[in-house]
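# Structural description and commentary
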Amino acid sequence: MADDELIRLAGHHGVATRYEDWRGRETAVSRDTLAAVLAALGVDASTPSSVRAELERHRDRARELPPTVVVRRAGAGTAGRIRAALGGHLDAGAEVEIESGTDEVLAPPHAHVPPDERSFEPLDGLADVPPGWRGLRIRNGTRTRYTQLLVAPGALTPPPRMWGFTAQLYSVRSAASWGLGDLHDLADLADWSGRELGAGFVLVNPLHATEPVAPVGASPYSPMSRRFPSPLYLRIEDMPEYADLPAADRERFAALAAGLRAREGLLDRDAVWAAKLEALETMYGRRRDRDPRFEEFRRREGAALASFATWCAISEEQGTTDWRRWPSGLRGAHDHGVVDAPRYHARAGFHEWLQWRLDGQLAAAQRAARDAGMPLGVIHDLAVGVPHGSADAWMYSASCAAGMSVGAPPDEFNQRGQDWGQQPWRPGALALDGYRPFREMAAAALRHAGGIRLDHAMQVSRLWWVPEGASPADGTYVRYDRDALLGSLSWEAERFGAVVVGEDLGTVEPEVRVALADSGVLGTSLLWFERDGRGRPKPPDRWRELSLATVGTHDMPPITGFVHGDHIDLRDRLGLLTRPRAEEEDDHRRQLADWLAVLHAEGLLSAEPAEVAGALADGSDAHDEEIVTALQEFLTRTPARLIGISLADAVGERRTQNQPGTVDEYPNWRVPLGDAEGRPVLLEDLRARDALRLFRRART
């Protein structure tokens, strides 16, 4: 095969043929990997002749009008930017017209109007073009062409400086929740922290949809759908239908809930879902005539809701959510009218109703946050992807790359690379669809929120694709249209008056951080990773302003566990250390000593650093409280616009929520909020204040 031709073809489709590894060495991507990735993009690179044929096809397509045009708003200059983006696709004398109305997702639906029946006006002469999605019509003589246009905001307005709690909602239980933290608990957490502590936001884990049948996956970052939330978070007693139940039913469900609350140890999603499902089915069966508000919700959500609800119904019928194991006639959401099949309508209606009730409780949580004085309220988290056998992969199969998984190349800590088992979007297919699946996903998360956190912000720029059956080390990067994805995200945020935070930790291209900042998207500053070129902790005045600043992350133990080296013990016990334990401990002590010295120099730590380090080495907890509050106070001295205080840190929790590199070896995502001894801490304990001894009210 002619390598130069294959390299050119890969470049045309955004597939990297070389990359720099974690040691700084340039690494060539194999021919087999390039051919497999290109095949997933619908490009045949199996033989030299097919490569040449695809290059010819690309030359032909390059002359076609792009399916989506994205520009950033520039006042009177916006029209000029639109013309510039069309560039060589405009023939001499071509007239460019822009659609008068916008075409937004999750807006009240209108009857479909063919492009040639829509209202257009000349682009030339417009004083400005407001942000939003519109159609473009290009006419030249008898030839008329159409494309989609997004005018994205110039930049989002940065939020005022504020602090807020970060929490894994499922772990934050109350005396009234059914064994898992729910949306009522979220409303109470926001109300209490906003009114009594002056918090400006509460950032929670992804609330994405989980499996409708057991076993229910524990990881919030490996959901069945990013487009819809999980009914696990419904508060049963807040359902309007609950009050209409006969007393015997209410007593039965109260007993179910009491049994879940009495459970000790790890969180059990299967038990919680089984109990809630029984109650929800009973209420649905006793509901009154269809509410017109429910019908309006169904119309607004459109085909995506019908598809998701049908996937839930088929999953229950088949006993598995993995549609790849279903009968062949059911494996495509749009095959043979699966979604329209009458046999699934009744059960799909139940799952549509669950989503409607979730929409109401999500709205109530955000309303409670804003009523408590929070400028932002709830910030939702958006996972990077979904598994291959998920609802989204079934619903959006045409936009997903078959036979590919998202992962990460080898690095210092994962020298074989990582395969996350999540299916990536196909860049070209997204563009053809006007990025609608991505826009709907973002809009659904932002509709009842003050902000959104984008897990692994590189998902808007490039992702590491791993061919099915290959080692993660044998993958390559595939580039996405960053301007289009960032523009879509920032427009949805502006439309809903929200902020966007990008998790830009780890290996991130410098230009991505620049693009995020230029769009008004906040970055993420993690205290333990904030070091200068010499490896020393950054002083607070050298931190980024446009960022969310936190001490740690959900993949690390809380502060108390970290300073005591619990993560080293755990990784050693699980066989995850990549170097001798003694080296890990020496490195940990050096890094900790650096931070203790900085805290002492800042006047935040009264005891001498050597004394504190010695006490930690001896296993003493004498300085734990001072260390935790000092680190929290340090964050307030940075210029960061948002300061995130982990609720787990505030109550003295030592256990980590997630240990990367494990599945069942550690109870990931199943640890209830507890104190330093592992005793459960409920929301009522927080209100009583005894559980917050390690919290100092953040001053911003």
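Structure: above.
Here we summarise the structure given alongside this text.

Cut-offs used in this document
Residues numbered from 1 in each chain as written. Predicted model: local features only at pLDDT ≥ 70, side-chain atom pairs only at ≥ 80, totals over all residues. Heavy atoms only, no water. Helix = DSSP H or I, 4+ residues; strand = E, 2+ residues; numbered from the N terminus. Buried < 20%, exposed > 50% of the residue type's maximum accessible area, 1.4 Å probe, protein only. Polar contact = N/O pair within 3.5 Å; in protein donor to acceptor, adjacent residues only side chain to side chain. Pairing = 2+ DSSP bridges. Axes fitted to C-alpha atoms, helices over the stretch in contact; angles between N-to-C directions. Contact = heavy atoms within 4.5 Å. Phe/Tyr/Trp six-rings, centres within 6.5 Å; stacked < 30°, edge-to-face > 60°. Lys NZ or Arg CZ within 6 Å of the ring centre and 35° of its normal. Expected span 1.5 Å × (residues − 1). Core = buried A, V, L, I, M, F, W, Y, C linked by side-chain atoms within 4.5 Å.

## Section: the side chain of Ser390
Relative to the elements of secondary structure, Ser390 occurs in the loop between β13 (386-387) and α10 (391-395). Look at Ser390 and you get buried, because its relative accessible area is 0%. Here Ala393 takes part through its backbone nitrogen, which lies 3.3 Å from a polar atom of the side chain of Ser390.

## Focus: the sheet that holds strand β3 (residues 68-72)
In spatial order, the strands read β3-β7-β6-β4-β5; together these five strands make up an open sheet with mixed pairing. Bordering the open sheet on either side are β3 and β5 (120-122), each of which pairs with just one other strand. Taking each pair of neighbouring strands and ignoring which way they run, the sheet shows an average axis angle of 35°. Inspection of the sheet shows strand β4 (residues 95-99) paired to strand β6 (residues 132-140) by four bridges, in the antiparallel sense. Looking across to β6, one finds that Glu95 is bridged to Arg139. Its contacts with the sheet place helix α4 (residues 78-86) against β3, β4, β6 and β7 (143-152), and it is angled at close to 140° to β3.

## Concerning the packing of aromatic side chains
A complete count under the given rule lists 19 aromatic pairs for this structure. Taking the centre distance of 5.2 Å and the plane angle of 50° together, the rings of Tyr284 and Trp353 count as tilted. One end of the pair, Tyr284, is in helix α7 (residues 269-285); the other, Trp353, is in helix α9 (residues 345-371), and 69 residues separate them in sequence. Look at Tyr284 and you get buried, because its relative accessible area is 13%. Between Trp528 and Trp595 the ring centres are 6.4 Å apart and the planes differ by 90°, which places this aromatic pair in the edge-to-face class. In this pair, Trp528 is assigned in the loop between β20 (523-526) and β21 (547-550) and Trp595 in helix α17 (residues 581-601), connecting sequence segments 67 residues apart. Take Trp528 and Trp595: they sit in the same class, and that class is buried. An aromatic cluster of at least three residues, connected via ring pairs, comprises Trp528, Trp543, Phe562, Trp595 and Phe634. Residue placement shows Arg227 over the ring face of Phe228; its charged tip is 4.4 Å from the ring centre. If you follow Arg269 out to its NZ or CZ, it ends over the ring of Tyr170, 4.6 Å from the centre.

## Structural notes on α9
Taking 1.5 Å as the rise per residue, α9 with 27 residues should run 39 Å; its terminal C-alpha atoms sit 39 Å apart, in good agreement. The element α9 is extensively covered by neighbouring structure, given that 19 of its 27 residues are classed as buried.

## A short note on the nonpolar core
Ranked by size, the top nonpolar core spans 178 residues in total, and within it Leu280, Trp353, Trp394, Trp465 and Trp528 carry the most contacts. Setting aside residues no more than four positions away along its own chain, Leu280 makes contact with Leu234, Ile236, Met239, Trp273, Phe350, Trp353 and Leu354. One finds Val69, Leu86, Ile98 and Val151 within the second-largest nonpolar core, a separate group that totals 16 residues.

## Looking at unusual backbone geometry
Residue Ala214 is joined to Pro215 through a cis peptide bond whose omega torsion reads 0°. Tracing the backbone through its elements, the reader meets Pro215 in the loop between β10 (208-209) and β11 (225-229). Phi at His456 takes a positive value of approximately 55°, unusual for a residue other than glycine. Here His456 shows up in the loop between β16 (451-454) and β17 (462-467). A positive phi angle, near 65°, is found at Trp669, a position not held by glycine. Note that Trp669 resides in the loop between α20 (647-651) and α21 (683-687).

## Some points on the side chain of His351
Within the secondary structure, His351 sits in helix α9. Leaving out residues up to four positions away in the same chain, His351 has contacts with Pro212, Ala309, Cys312, Ala313 and Glu316.

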